[in-house]
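Listed below, chain by chain, are the residues.
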Amino acid sequence: MTPGPTPVAPETQLAMAAPIIHHRAPQFMEILGEVREGLKYLFQTRQEVLIFAATGTGAMEGAVANTLSAGDQALVVDGGKFGERWTELCNVYGVKAGRLGVEWGRAVDPQAVAKMLDDNPAIKAVFVQANETSTGVQHPVKELADVTKNRPGTILVVDAISALGGYELPMDEWGVDVLVAGSQKAMMLPPGLAFAALSDKAWEFVKASTLPKYYFDFAKARKSQEKNQTPYTSPVSLILGLQEVLAKIRRDGLEKVFAHNRRLSEATKAAMKAMGLELYSKDYSSVVLTAAMAPAGVDGQKVVAELRKRGIWIAGGQAQAKGKIFRIAHMGYIDEVDLVGAIAGLEIVLNQLGYKVALGTGVQAANQVLGKEAAA
Ligand SMILES: *Cc1c(COP(=O)(O)O)cnc(C)c1O
């Protein structure tokens, strides 16, 4: 129950165990054709969703290198560990990134972004996370897109690596220009696939971009995918797993997948509240993970370590949040039993570390939420 890698369903594992098909064989091209359609459904876009053999960061790097040129100005929303990554990437490519710092645990105010764009119309791209995994906060992507969509000179680039497949992010409807995702979080696959989809406006930016790129050349990738190919060797086994996952998501429907995550999230948050634990995320608390404050006098890292001894894997805090928080992910192939088990383990561990909570307090609160919705 860490925010990536997340558990992979047995059906997906079996699909990936199939013999390797040659990536130029007609049989593989047919599979890629199906996968392309499934990805469009998941991204809620009519655009091509580019597939790369990389982790999500590869597609983040590609998003910078394909849409901008050296010396361009950008605005980075930085409210956590992953916000910082956009600035680092811009720096490497000579893009002048202005930073809109957001207190950890808070979401960005879209009006602050609008003001910065009004003050500096030369800003060509706004970079943000849909879900800032380090703090458990969802930034308001729809409202940010409302700010950028009528500005022809500015694109909105969204890192949805921990969000896509977890909750509603209709790219075309909202007017997101670049949406980046990765395989090992809410997409319920092993690490190793990165994705990016671009709006028509963003593809115009690609034409003008002069930054260097080779493997992550978006135009080349699109041209190849339109022929049901990838420019280089396809990560065949992962694509077979992706085919399985996408088929299941289409069978179930996005709404059902999102409702599952919402339900687990509400149960987890109810459990934290019942145990007297405060959430770290003060606004737009994430649907895909819960970041809770460790009680006074308890080291969040110890909570994580003690749970691990019991076979329960959650995550600690990063950088300035290290020791102060712990994070429980509940995205994708996680069920009620996993969740309730983790909460029961947490109760025991907290008692052991000196925070007194009656055993069953969190479990009961979680079960109340889970039971209620099952009956509905
Ligand atoms: C996990 C994560 C990343 C990094 O993804 P990698 O797959 O490790 O490259 C980037 N952004 C967010 C929001 C994440 O959750």
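**A short note on the environment of P191**
Link 1 in the chain: One can find P191 in the loop between β8 (178-182) and β9 (193-198).
Link 2 in the chain: Once the C-alpha coordinates of P191 and A54 are considered, the two residues, 137 residues apart in sequence, prove to be 8.1 Å apart.

**A closer look at the site of the ligand**
Link 1 in the chain: The ligand sits among 14 residues. The nearest are T55, T57, T133, D159 and K185.
Link 2 in the chain: The side chain of T55 places a nitrogen or oxygen atom 2.7 Å from an oxygen atom of the ligand.
Link 3 in the chain: In this structure, an oxygen atom belonging to the ligand sits 3.0 Å away from a main-chain N or O atom of G56.
Link 4 in the chain: Notes on the ligand: free accessible area 380 Å², of which the protein chains cover 89%.
Link 5 in the chain: Of all elements in the fold, only α3 (56-67) and α4 (81-92) reach the threshold of two or more residues within the shell around the ligand.
Link 6 in the chain: Sorting elements by how many residues they give to the shell around the ligand places α3 first, with three residues.
Link 7 in the chain: For the shell around the ligand, the class distribution of residues is three nonpolar, eight polar and three charged.

**What to know about the domain arrangement of the chain**
Link 1 in the chain: On domain assignment, one finds that the chain holds domain 1 (10-252) and domain 2 (254-375).
Link 2 in the chain: Taking the mean C-alpha position of each, domain 1 and domain 2 sit 28 Å from one another.
Link 3 in the chain: Taken residue by residue, the interface counts 28 residues in domain 1 and 26 residues in domain 2.
Link 4 in the chain: When domain 1 packs against domain 2, close to 2400 Å² is buried across both sides, 61% of that on carbon and sulfur atoms.
Link 5 in the chain: Looking only at domain 1, the three residues that lose the most surface to domain 2 are W104, Q138 and D252, adding up to 22% of its buried area.
Link 6 in the chain: Along the contact surface separating domain 1 from domain 2 lie one salt bridge.

**Description of the nonpolar core**
Link 1 in the chain: In this structure, L39, V113, L169 and F195 are the most contacted members of the largest nonpolar core, which totals 64 residues.
Link 2 in the chain: A total of eight residues in this core trace back to one element, the largest contributor, which is helix α10 (residues 236-252).
Link 3 in the chain: Residue-level mapping places this core at the junction of two domains, with at least three residues from each of domain 1 (10-252) and domain 2 (254-375).
Link 4 in the chain: In this structure, L50, A65, Y93 and F218 belong to the second largest nonpolar core, which totals 34 residues.

**Observations regarding the side chain of T230**
Link 1 in the chain: Tracing the sequence through the fold places T230 in the loop between α9 (218-225) and α10.
Link 2 in the chain: A distance of 2.7 Å separates the side chain of T230 from the side chain of S234, its partner in a polar contact.
Link 3 in the chain: Excluding its chain neighbours within four sequence positions, the residues that come into contact with T230 are R24, L32 and S224.

**A closer look at the sheet that holds strand β12 (residues 325-329)**
Link 1 in the chain: Pairing is antiparallel in the open sheet, where three strands are placed in the order β10-β12-β11. In this open sheet, the two strands that pair with only one neighbour each are β10 (289-293) and β11 (315-316).
Link 2 in the chain: Pairing geometry for β11 and β12, over two bridges, is antiparallel. Bridge pairing in β12 places A315 opposite R327.

**Some thoughts on unusual backbone geometry**
Link 1 in the chain: The linkage connecting G4 with the following residue, P5, adopts the cis geometry, with an omega of -10°.
Link 2 in the chain: Summarising the element assignment, P5 is placed in the segment before α1 (10-16).
Link 3 in the chain: Phi angles above zero are rare outside glycine, and Q44 is one such case at about 50°.
Link 4 in the chain: Within the element layout of this structure, Q44 appears in the loop between α2 (26-43) and β1 (49-53).
Link 5 in the chain: We classify Q44 as partly exposed; its relative accessible area is 24%.
Link 6 in the chain: Unlike most non-glycine residues, N228 shows phi in positive territory, near 55°.
Link 7 in the chain: Mapped onto the secondary structure, N228 falls in the loop between α9 and α10.

Conventions we followed
- Residues numbered from 1 in each chain as written.
- Predicted model: local features only at pLDDT ≥ 70, side-chain atom pairs only at ≥ 80, totals over all residues.
- Heavy atoms only, no water.
- Helix = DSSP H or I, 4+ residues; strand = E, 2+ residues; numbered from the N terminus.
- Near = heavy atom within 4 Å.
- Polar contact = N/O pair within 3.5 Å; in protein donor to acceptor, adjacent residues only side chain to side chain.
- Areas by Shrake-Rupley, 256 points an atom, 1.4 Å probe, with all protein chains shown as cover.
- Nonpolar A, V, L, I, M, F, W, Y, C, P; charged D, E, K, R; others polar.
- Domains from an automatic or database assignment.
- Contact = heavy atoms within 4.5 Å.
- Buried area = accessible area lost by both parts, 1.4 Å probe.
- Salt bridge = Lys/Arg side-chain N within 4 Å of Asp/Glu carboxyl O.
- Core = buried A, V, L, I, M, F, W, Y, C linked by side-chain atoms within 4.5 Å.
- Buried < 20%, exposed > 50% of the residue type's maximum accessible area, 1.4 Å probe, protein only.
- Pairing = 2+ DSSP bridges.

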